[in-house]
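# Descriptive analysis of the structure
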Amino acid sequence: MAQAVLIERSSNAVDRPFAKMVMWSAMSGVCAAIIVASFPRTLCLQHTSRNSELENSGAAEAVLATATSEMWNFLNAQNATKAQSVNSSMSKERVEELKKQQSTLKALLTKLKSDIGGANKHETESKGENEKMLQRTQERLDQHRHELEQKNLTAWRREFITNQTKSEEKQVEYLTKGRELQHHMFHSNLKMSHGLMSRVKAVLDVYDGVMEKGKVDESTRKALEAVSSSLPKVQ
C-alpha cells in the first residue's frame, strides 16, 4: 500500500488513474487477506468455547458422581441393617451429608437451567447479528457485480470493483460458514446440557424420595444405576 501511494505521488509521467488502481488493488488485497486470516482465528475461538463447555460439564459430572456415590453408600448401609428410614439406618452426620448433597444437586439443576436459558438467548442474538452483517455484505456484493456488467467502466475502476467483489465473496463465505459452525456448536452444547440435566434430575429424585420416605422403589433404583454407569468413579 505504501508503494502504491508513492507511485501516485511521483512524477507526471505516471498515469494517476493507474496509480489509483494499484493503490485500491493493494487495499482490497489487504482486506481479503484479513478476512481469510480471521477465519481460522474464529474457529480457534469457537474451539476454546467448546473446551470451556466441556470443562464445565466435567465439573458438573464430578459433583453428580459424588452425590451418587453418597446415595449408594446410604442404600447399601440400609440394606445391610434392614432399616426402614433414614434416621434409623444412618448416623446424624450421614443424614446431614445427604441433605448437603441434595442441596448441591438442586443448585446444580438450577445452574444448568440458567445456562441453557443464557445459551438460547446468546444464540438468538448471534443469529440476528450475523444475518445483518451477511445482508449488508451481500447487498454490496450484488451492487458491485451489477456494476461490473457496465461497459463504460475505466480500467482502474473495473479492477477495483473486481477486487472488491472477490473480497466480499470471501466475507460472505466467512460469515456463512462461521454461522453454520456456531449453530452446530450451540446444538451440541445444548444436547450435552440437557443430557446432564436429565441425569441430575434422576439422582435428585432419588434424594427427594429417600429424604421424604426413607427408601427408594425399584424403578428409581434402576434410574440411579443407569446414571451411575455413565459417571466417573469417585476415589
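Conventions used here
Residues numbered from 1 in each chain as written. Predicted model: local features only at pLDDT ≥ 70, side-chain atom pairs only at ≥ 80, totals over all residues. Heavy atoms only, no water. Helix = DSSP H or I, 4+ residues; strand = E, 2+ residues; numbered from the N terminus. Buried < 20%, exposed > 50% of the residue type's maximum accessible area, 1.4 Å probe, protein only. Contact = heavy atoms within 4.5 Å. Areas by Shrake-Rupley, 256 points an atom, 1.4 Å probe, with all protein chains shown as cover. Salt bridge = Lys/Arg side-chain N within 4 Å of Asp/Glu carboxyl O. Core = buried A, V, L, I, M, F, W, Y, C linked by side-chain atoms within 4.5 Å. pLDDT = per-residue confidence, 0-100. Axes fitted to C-alpha atoms, helices over the stretch in contact; angles between N-to-C directions. Parallel < 35°, antiparallel > 145°, perpendicular 65-115°, else oblique. Left-handed = near helix turned anticlockwise from the far one by under 90°. Nonpolar A, V, L, I, M, F, W, Y, C, P; charged D, E, K, R; others polar. Expected span 1.5 Å × (residues − 1). Polar contact = N/O pair within 3.5 Å; in protein donor to acceptor, adjacent residues only side chain to side chain.

When helices and strands are counted, the protein shows six helices and zero strands. A burial count over the protein gives 33% of its 235 residues as buried. Contacts spanning at least 24 positions in sequence make up 78% of the contacts within the protein whose residues lie at least 6 apart. For the protein, the accessible area works out to roughly 14600 Å², and carbon and sulfur atoms hold 55% of it.

As a further point, take the pattern of salt bridges. According to the stated counting rule, one finds eight salt bridges in the structure shown. Between Glu123 and Arg179 there is a salt bridge, with its nearest N and O atoms 2.3 Å apart. Here the residue Glu123 occupies a position in helix H4 (residues 92-148), and Arg179 occupies one in helix H5 (residues 155-213), the gap between them amounting to 56 residues. Judged on exposure class, the residue Glu123 and its partner Arg179 are both buried.

Among the nonpolar cores identified, the biggest contains 29 residues, and Leu64, Met71, Leu105 and Val200 are the most heavily contacted of them. Of all elements in the fold, only helix H2 (16-81), H4, H5 and helix H6 (218-229) reach the threshold of two or more residues within this core. Of the residues forming this core, the biggest block, eleven residues, is contributed by H5. Apart from residues lying up to four places away in sequence, Leu105 is in contact with Leu64, Ala67, Val200, Val203, Leu204 and Tyr207.

On to the confidence of the model for the protein. Interpretation of the predicted coordinates at a detailed level should be avoided for regions scoring low in pLDDT. Taken over all residues, the pLDDT of the protein has a mean of 77, while the share at 70 or more is 71%. Summarising per-element confidence for the protein, the mean pLDDT is lowest in helix H1 (residues 2-8) (36) and highest in H5 (94). Segment residues 1-47: pLDDT under 50, and 43 contacts once partners within four positions in sequence are set aside and those in other chains are kept.

Here Phe74 shows up in helix H2. Phe74 sits in the buried class, given a relative accessible area of 0%. Here the alpha-carbon distance between Phe74 and Arg94, two residues 20 residues apart in the chain, equals 8.0 Å.

This part is about the packing of H5 against H6. Close contact between H5 and H6 brings their axes to 9 Å; oriented N to C, the two are set at 140°. Judged by the inter-axis angle, H5 sits oblique to H6. Between H5 and H6 lies a crossing whose hand is left-handed. From H5, Arg199, Ala202, Val203 and Val206 reach across to H6, where they touch Thr220, Leu224 and Val227. In terms of residue class, the contact of H5 with H6 is built from five nonpolar, one polar and one charged.

We now examine the packing of H4 against H5. At a minimum axis separation of 8 Å, H4 and H5 run at an interaxial angle of 165°. Of the possible angle classes, the one that applies to H4 and H5 is roughly antiparallel. Like other packed secondary-structure pairs, H4 and H5 cross with a definite hand, here left-handed.

The next point concerns H5. At 3.6 residues per turn, the α-helix brings residues three or four places apart onto the same side. With 59 residues, H5 should reach 87 Å at 1.5 Å per residue; the first-to-last C-alpha distance of 86 Å fits that figure. Two residues or fewer past H5, Gly214 is found with a positive phi of approximately 85°.

Quick look at the environment of His183 now. The residue His183 is located in helix H5 in this model. A residue is classified by how much of its surface remains accessible, and His183, at 34% relative accessible area, is partly exposed. Through-space distance from the C-alpha of His183 to that of Ser126 is 9.3 Å; in sequence the pair is 57 residues apart. In terms of polar contacts, His183 uses its side chain to reach the side chain of Glu123, at 2.7 Å.

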